Amino acid sequence: MSEVQERAAVSTESSKSKRVPVGSPVYNQVVEFLYDEATMLDEIRLVDWGKTLAEDLVYGAPLRMTRSIAQQALSIVRTMQHYHDDYRSMMGRIMRLTGTKSAWAEDPPSRTRRLVTNIMVSATDKPDEFAVVSYLLITRSRFDFDQYDLISAERRDLLRRVGDTFKLARREIILDQAVLGTPNLAIFL
């Protein structure tokens with residue numbers, strides 16, 4: 001077994017031991033949060049979505065490169081990113097999209113549908129934080145075109161419990177495509 005395979009096996013075992021059971025109250029609350037988030041984004045309720053972001057947010061989408069099977073650990077390039085935002089820059093993007101006329105890439109806005117699935121929740125060392133992995137498929141339609149874009153990804157989130165809900169503290173979006181088939185990424189993933 002290679003070193004990369006050994007690390008992946010240890011990581012998988014570690015996450016299984018801390019995994020929150022499917023159907024448990026915490027799991028259901030996380031799923032509800034992710035579904036509500038997808039609805040807010042699809043309905044372009046960006047100001048509402050902004051309220052779900054933690055003030056120490058880190059939101060990134062590293063580049064993906066095609067590598068041989070022996071080099072899969074190197075296929076995610078974190079030194080170059082499609083997104084690398086914090087809370088302040090995300091709030092600036094939301095304000096630009098909702099409060100100015102300069103967001104030409106999304107005016108008129110894309111019509112999107114986010115499908116969130118394969119949700120796995122794990123406890124962390126902090127009792128109020130949960131590591132969440134989910135799969136995302138977005139359909140995106142623009143203007144009156146008869147075609148649409150498909151964007152698929154794995155999201156790795158850190159959700160922090162605040163009262164009876166969560167705040168998104170970290171999100172890393174691992175896109176499945178090395179070359180994106182969409183003209184821009186002016187939408188939130």
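Residues numbered from 1 in each chain as written. Predicted model: local features only at pLDDT ≥ 70, side-chain atom pairs only at ≥ 80, totals over all residues. Heavy atoms only, no water.

*Asks:* What is the right way to read the overall build of the protein from this model?
*Replies:* Broken down by element type, the protein carries four helices and six strands. For the protein, the α and β elements follow one another from N to C terminus as α-α-α-β-β-α-β-β-β-β. Burial statistics for the protein: of 189 residues in total, 38% are counted as buried. Taken as a whole, the protein presents about 11,100 Å² of accessible surface, with 56% of it coming from carbon and sulfur. (Helix = DSSP H or I, 4+ residues; strand = E, 2+ residues; numbered from the N terminus. Buried < 20%, exposed > 50% of the residue type's maximum accessible area, 1.4 Å probe, protein only. Areas by Shrake-Rupley, 256 points an atom, 1.4 Å probe, with all protein chains shown as cover.)

*Asks:* Teacher, can you tell me more about the confidence of the model for the protein here?
*Replies:* Residues shown with low pLDDT carry predicted positions that ought not to be read at fine detail. The share of residues in the protein with pLDDT of 70 or more is 90%, and the mean pLDDT across the chain is 87. For the protein, helix α1 (residues 3-17) is the element with the lowest average pLDDT, namely 46, and helix α2 (residues 25-42) is the one with the highest, namely 98. Counted against residues more than four places away or in other chains, residues 1-14, with its pLDDT under 50, gives two contacts. (pLDDT = per-residue confidence, 0-100. Contact = heavy atoms within 4.5 Å.)

*Asks:* Just to check I follow, could you spell out the side chain of S75 for this structure?
*Replies:* Position of S75 among the secondary structure elements: in the loop between β1 (53-64) and β2 (76-86). For S75, the side chain forms a polar contact with the main-chain oxygen of Q72, separated by 2.9 Å. Apart from the residues lying within four places of it in its own chain, the contact partners of S75 are L63, R64, M65 and R67. (Polar contact = N/O pair within 3.5 Å; in protein donor to acceptor, adjacent residues only side chain to side chain.)

*Asks:* In this structure, what is going on with the sheet that holds strand β3 (residues 111-123)? I would like to understand it.
*Replies:* Strand pairing in a sheet relies on backbone hydrogen bonds, with the paired strands running either antiparallel or parallel. Ordered by their spatial adjacency, six strands build an open sheet running β2-β1-β6-β5-β4-β3, and the pairing between neighbours is mixed. Of all strands in the sheet, those bounded by a partner on one side alone are β2 and β3. Pairwise comparison of adjacent strand axes, ignoring direction, gives a mean angle of 25° for this sheet. Across 11 bridges, β3 lies against strand β4 (residues 129-141) in antiparallel orientation. (Pairing = 2+ DSSP bridges. Axes fitted to C-alpha atoms, helices over the stretch in contact; angles between N-to-C directions.)

*Asks:* Would you explain the nonpolar core in this entry?
*Replies:* General note: in soluble globular proteins, nonpolar side chains tend to be found buried as a group. One finds W49, Y59 and L189 to be the most contacted residues of the largest nonpolar core, which totals 36 residues. Looking at this core, the elements that each hand over two or more residues are α2, α3 (46-50), β1, α4 (87-99), β3, β4, β5 (148-162) and β6 (165-175). Setting aside residues no more than four positions away along its own chain, W49 makes contact with E37, M40, L41, Y59, M90, I94 and F188. (Core = buried A, V, L, I, M, F, W, Y, C linked by side-chain atoms within 4.5 Å.)

*Asks:* Mind showing me how you'd approach the packing of aromatic side chains here?
*Replies:* Each pair of aromatic rings is reported with the distance of its centres and the angle of its planes. Counted under the stated rule, the structure contains five aromatic pairs. Here a set of aromatic residues connected by ring pairs shows up, and it is made of W49, Y59, Y83 and F188. (Phe/Tyr/Trp six-rings, centres within 6.5 Å; stacked < 30°, edge-to-face > 60°.)

*Asks:* Would you take a moment to explain the side chain of R114 for this structure?
*Replies:* Within the element layout of this structure, R114 appears in strand β3. The exposure class assigned to R114 is buried, which follows from its relative accessible area of 7%. Polar side-chain contacts of R114 include one of 2.8 Å to the side chain of T112. Excluding anything up to four places from it in sequence, R114 contacts A38, L41, D42, L136, L137, I138, I187 and F188.

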